[in-house]
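What the coordinates show
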Amino acid sequence: MAGSGSTAQQNAMKHWLQEYQNACPEVQLRYNPIGSGGGVSEFLLGATHFGGSDTPLSEDDIEFSSRACPGSRAIDLPMVGGPVAIGYNVDGVDGLVLDASTLARIFDSRITMWNDPEIRRLNPGVRLPETEISAVHRSDDSGTTQNFNAYLADAAPEEWPYDKAKAWQARGGHAASGSDGVVSTVSGQNGSIGYFELSFAKAEGIPTVKLDTGAPEPVEVSARSASAGIAAAKVVGSGQDLTLEFDYRTSAPGAYPIVLVTYEIVCAEGNSADALPALKSFLTYTASKEVQAGLARIHYAPLPEKVASRVRNVVSTLS
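Residues numbered from 1 in each chain as written. Predicted model: local features only at pLDDT ≥ 70, side-chain atom pairs only at ≥ 80, totals over all residues. Heavy atoms only, no water.

So, the sheet that holds strand 8 (residues 192–197)
Pairing between the strands of a sheet is mediated by backbone hydrogen bonds and can be parallel or antiparallel. Strand order in this open sheet of 8 strands is 2-1-3-12-4-8-6-7, and the pairing throughout is mixed. Sheet topology places strand 2 (30–32) and strand 7 (174–176) at the edges, where each strand pairs with a single neighbour. Each strand of the sheet is rotated relative to its neighbour by a mean of 25°, with strand direction disregarded. As judged from the 9 bridges shared by strand 4 (residues 74–89) and strand 12 (residues 259–267), these two strands associate in the antiparallel manner. Bridge pairing in strand 12 places Pro-83 opposite Val-259. Lying on the sheet, helix 4 (residues 100–107) is in contact with strand 4, strand 6 (134–138) and strand 8; it crosses strand 8 at an angle near 110°. (Pairing = 2+ DSSP bridges. Helix = DSSP H or I, 4+ residues; strand = E, 2+ residues; numbered from the N terminus. Axes fitted to C-alpha atoms, helices over the stretch in contact; angles between N-to-C directions. Contact = heavy atoms within 4.5 Å.)

Right, dumping it as C-alpha cells:
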C-alpha cells in the first residue's frame with residue numbers, strides 16, 4: 001500500500017509505519033513526503049492508495065476524484081494535528097515574541113531588520129541586533145503554507161492581502177523545498193526566520209517564536225497549546241467527509257492559533273480491493289486512542305476524541 005503527500009506529517013508517518021510494520025510485518029507500506037500538492041495530485045491520478053494533505057480537498061479536486069474513486073468520491077479524514085512553529089536563528093536572541101501583524105510584515109518584506117521598532121515593542125529589554133531579516137518560505141505547493149497564509153489573513157487582515165493558497169505569494173524572502181528545506185535554511189543562516197512543524201524545530205534544536213495573541217501571556221508553541229487550538233475546531237464536512245474549520249483569531253489563554261490538521265485522503269467507495277484491508281487496518285490504527293495519545297511525545301497534537309472516534313467510524317465503512 002502506498003501513500004504520499006504532506007511533509008507536515010512526515011515524522012508522524014515515519015513513526016507510525018515503523019510501529020505498524022513491527023506488528024504486521026507481512027503488510028508492505030510506504031509513504032513519500034512530497035508535499036500536500038503532490039500528494040493530492042498522485043492520489044487523484046490513481047498512483048497511490050491515500051494522499052496526505054494539510055488542507056481539505058477543493059471542489060475541483062472532489063469532482064475530479066470520481067476518476068480515482070469509481071462510483072464515489074474522495075473524502076478528507078483528519079488524522080494528525082500539529083502546530084506550525086515559527087523558527088528563527090538570530091545570534092544572542094532567546095524567547096522572541098511576535099504577533100500576527102508583525103509576522104505579516106516580516107514575511108511580506110516590510111519589516112527587514114531585527115531591531116525594527118515594532119519588534120522592539122514586543123520584546124522590551126531584549127537586545128535585538130542590527131541584522132537583516134531573511135524570511136524563508138516554501139517553494140513547493142504546501143498545506144503548511146496554506147495554513148500559515150490562513151492564519152495571517154484572518155489574524156492580520158489589514159497587513160496580509162494574499163489568498164489562503166498553497167502557493168506562496170508574498171514579496172521577497174527566500175524559498176526552500178519542503179519543511180526540511182526551510183529548516184535547513186533557517187538553521188544555517190543567522191538572521192533567518194521560517195515556518196515549519198514543531199517536530200522539525202525540536203529535532204534540529206531551533207528556537208521558536210512565542211505569539212502575542214491578545215491572551216494574558218504570549219503563547220509558546222507546544223503539543224498542548226496546539227491541542228487547545230484544535231479543540232475549538234468545528235467539523236464542517238458533509239457525510240463521510242470530516243473537514244475541520246479553525247479559529248485562527250483565538251485569544252484563549254494557552255491556545256496556540258497557528259495549527260493544522262493533516263488529512264488522509266481516501267475514496268469513500270471504489271478503493272483498490274487488494275489494498276483495502278491494509279488501508280482500513282492502518283487508518284484504524286493511526287486513529288486509535290492509544291496511538292493518538294502518543295503523538296505528543298513526538299511533538300504532534302492528538303485529535304480531540306470526539307473527532308478521532310468519528311474518523312474510526314468512517315474508516316470502518318470504506319469499501
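Quick notes on the pairing of strand 3 (residues 50–53)
On strand 3, burial covers both faces: Phe-50 and Gly-52 on one face and Gly-51 and Ser-53 on the other are all buried. Both strand 1 (residues 2–5) and strand 3 contribute to a ladder of 3 bridges, which runs parallel. Bridging from a neighbouring strand, Gly-5 pairs with Gly-52 of strand 3. Where strand 3 lies against strand 12, 3 bridges are found, and the strand directions are antiparallel. When the bridges of strand 12 are listed, Gly-51 appears paired with Ile-265. (Buried < 20%, exposed > 50% of the residue type's maximum accessible area, 1.4 Å probe, protein only.)

Things to note about the packing of aromatic side chains
Across all of its chains, the model carries 14 aromatic pairs by this definition. Between Tyr-31 and Phe-50, the aromatic rings sit 6.1 Å apart at their centres with planes inclined by 15°, giving stacked as the arrangement. Taken as a pair, Tyr-31 in strand 2 and Phe-50 in strand 3 lie far apart in primary sequence, 19 residues in all. Using a relative accessible area of 13% as the deciding quantity, one classes Tyr-31 as buried. By relative accessible area, Phe-50 is classed as buried at 2%. Judged by centre distance (6.1 Å) and plane angle (65°), the rings of Phe-107 and Tyr-195 are edge-to-face. Here Tyr-195 lies in strand 8 and Phe-107 lies in helix 4, a separation of 88 residues in the sequence. Note on Phe-107: relative accessible area 2%, which makes it buried. Take Tyr-195: its relative accessible area is 1%, and that puts it in the buried class. (Phe/Tyr/Trp six-rings, centres within 6.5 Å; stacked < 30°, edge-to-face > 60°.)

Remarks on unusual backbone geometry
One non-glycine residue, Ser-109, lies in the positive phi region at around 60°. Examined against the element boundaries, Ser-109 turns out to sit in the loop between helix 4 and helix 5 (117–122). Phi angles above zero are rare outside glycine, and His-299 is one such case at about 70°. Note on placement: His-299 falls in the loop between helix 11 (289–293) and helix 12 (305–317). Relative accessible area serves as the criterion here: at 29%, His-299 is assigned to the partly exposed category.

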